[in-house]
Each structure stands twice: as C-alpha cells, then as structure tokens.
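# Analysis of the macromolecular model
Okay, here's what each chain looks like letter by letter:
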Amino acid sequence: MALRNRLGTILLFAAVPFSPVTAQRVISPDSLRPPLVLDSSADVRRMTAVRLQIHLLEQAIQRADTLQLMAVLGDAVVPDSEVTVARRRGCPSMGWALRETRRTRGAAGASAVLPLGRLVLSVRQLSVGPDGSATADLRLQDVRSARRDYGDLRVEYNRVGGASLSARATGLRAALCGLAVTS
C-alpha cells in the first residue's frame, strides 16, 4: 500500500507540466518576492540595488552597529549645518545616537539589540535618474513609541561603475539624534 501511494505521488508530480518561463517573469521593484535581477530591465536593477542599500541601512540602525552604518554610508556627506545643530542639542555623533537609542529603547542590558520591528526605515519616495543616480526620501520611525517618534531623511546615491554608492545623507544624523535625545 505504501509503495502504491509513493508511486501515485511520483506519477502526479511527473504529470504536472513545469514551465521555466513562469519562474523567470519580470517583477515589480515593489514586490516582496526576491527579484530575478539579471533578467530585469536596467531601471528595475538600479531600483533593486538602491532598495538593498536602504535595507542594509535599516539593519545597521536596528542593530545599532556603527561599523555597518559607516560601511553602508561610505563617504556620504552629512551637511555641516546638521552636524552643528546635533552637537548643540547634545548629540556628539551618530555612533553616540545609536548607542543611546539602544540603551533607552532596547531591551535590558548594555549589549542589547533593539527589537527588529521597533525602528523602521520606510521609503516615502524613490526615484532613479537615467544616469543611475537615485534619491530616496525615507522616514525613520519608532513604531512602538506612544508618540510615534520619527525623523525624515534623504539619501542620494551616485552610480560609480556598476555600483550605487551613498553620496549625501541629509537628515540621517538629525533623525538618529532626535530618537536618542527624545527617548
């Protein structure tokens, strides 16, 4: 009886037609399904690369990992005026802001990691230029805060060779410091 059931299952799968074309369809950049980047248009590939950079930025913030944050941002310029205002408000650096946010909003313990769903980096608008440059308007929000604390920021990416590299991060330090100081 067991052999008969196995044989029936094997025949059932053998009879189902499989088409590799259905697995290779072009997908939307807003899809939750992992993309088939190489078979997509150039715009979709650029959008996917920028979304990956945004995800890495969110991951660095959630883990309060300054090393990863600096790796993701690379040589991105933070405006001097933003640095000056943050220092005046008692926020000496982005690293300090991440540590303070982890300390006040995270779980107990000095090495605690923020719950992954607590700080969310959402895309408000994403545009990619014909030259490969991209601009991402983002919102960093503490979704578990009673006040719904958030900060808006903009990250601009330049295309260098085949890569999208952060060129300018406006509002990131202010958003991080705002979450750290208001907690």
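Predicted, not measured: the structure shown is a model, and the values here were computed from it.

Thresholds applied
Residues numbered from 1 in each chain as written. Predicted model: local features only at pLDDT ≥ 70, side-chain atom pairs only at ≥ 80, totals over all residues. Heavy atoms only, no water. Disulfide = S-S within 2.5 Å. Helix = DSSP H or I, 4+ residues; strand = E, 2+ residues; numbered from the N terminus. Buried < 20%, exposed > 50% of the residue type's maximum accessible area, 1.4 Å probe, protein only. Axes fitted to C-alpha atoms, helices over the stretch in contact; angles between N-to-C directions. Parallel < 35°, antiparallel > 145°, perpendicular 65-115°, else oblique. Left-handed = near helix turned anticlockwise from the far one by under 90°. Contact = heavy atoms within 4.5 Å. Nonpolar A, V, L, I, M, F, W, Y, C, P; charged D, E, K, R; others polar. Phe/Tyr/Trp six-rings, centres within 6.5 Å; stacked < 30°, edge-to-face > 60°. Lys NZ or Arg CZ within 6 Å of the ring centre and 35° of its normal. Salt bridge = Lys/Arg side-chain N within 4 Å of Asp/Glu carboxyl O. Pairing = 2+ DSSP bridges. Core = buried A, V, L, I, M, F, W, Y, C linked by side-chain atoms within 4.5 Å.

### Description of the state of the cysteines
- In the structure shown here, the tally under the stated rule is 1 disulfide.
- Paired by a disulfide, Cys91 and Cys177 hold their sulfur atoms 1.9 Å apart. Looking along the S-S bond of the Cys91-Cys177 disulfide, the torsion reads about -60°, which is the left-handed sense. Note that Cys91 is positioned in the loop between α5 (80–88) and α6 (94–105) and Cys177 in helix α7 (residues 172–181), a separation of 86 residues in sequence.
- Cys91 sits in the buried class, given a relative accessible area of 0%.
- Judged by relative accessible area, which is 6%, Cys177 ranks as buried.

### Focus: the packing of α5 against α7
- Where α5 contacts α7, the axes come no closer than 9 Å and their chain directions differ by 15°. Taken together, the axis directions place α5 and α7 in an arrangement best described as roughly parallel. Crossing handedness for the pair α5 and α7: left-handed. Contacts from Glu82, Val83, Ala86 and Arg87 of α5 reach α7 at Leu172, Arg173, Ala174 and Cys177.
- Partitioning the contact of α5 with α7 into residue classes produces 5 nonpolar, no polar and 3 charged.

### Some thoughts on the packing of aromatic side chains
- The full count for this structure, using the stated rule, is 0 aromatic pairs.
- Over the face of the ring belonging to Tyr150 we find Arg139, whose NZ or CZ atom lies 3.9 Å from the ring centre.

### A look at the pattern of salt bridges
- Under the definition given, this model contains 3 salt bridges.
- Residue Asp137 pairs with Arg154 through a salt bridge whose shortest N-O separation is 2.6 Å. Of this pair, Asp137 sits in strand β2 (residues 134–142) while Arg154 sits in strand β3 (residues 150–160), and the two are 17 residues apart along the sequence.
- Note on Arg154: relative accessible area 35%, which makes it partly exposed.

### A short note on the pairing of β2
- Buried residues dominate β2, accounting for 8 of its 9 residues.
- Here 9 bridges tie strand β1 (residues 119–128) to β2, and the two strands are oriented antiparallel to one another. Bridge pairing in β2 places Val123 opposite Leu138.
- Counting the residues that bridge the hairpin from β1 to β2 gives 5 residues, and of these Gly132 lies at a positive phi of roughly 95°.
- Here β2 runs beside β3; their pairing, made up of 8 bridges, is antiparallel. Note on β3: the bridge partner recorded for Ala134 is Tyr157.

### Comments concerning the packing of helix α4 (residues 66–73) against α6
- Contact geometry of α4 with α6 gives a least axis separation of 10 Å together with a crossing angle of 135°. Relative to α6, the element α4 lies oblique. Both α4 and α6 take part in a crossing whose hand is right-handed. Across from Thr66, Leu69, Met70 and Leu73 in α4, the residues of α6 making contact are Met94, Gly95 and Leu98.
- When grouped by side-chain class, the residues that make up the contact of α4 with α6 number 5 nonpolar, 2 polar and no charged.

### Looking at the nonpolar core
- Grouped together as the largest cluster of nonpolar side chains are 35 residues, with contacts concentrated most on Leu57, Ile61, Leu69, Leu140, Leu172 and Leu176.
- Those residues within four positions of Leu57 in sequence are excluded, and the remaining contacts are Leu69, Val72, Leu73, Leu121, Leu138, Val155 and Leu172.

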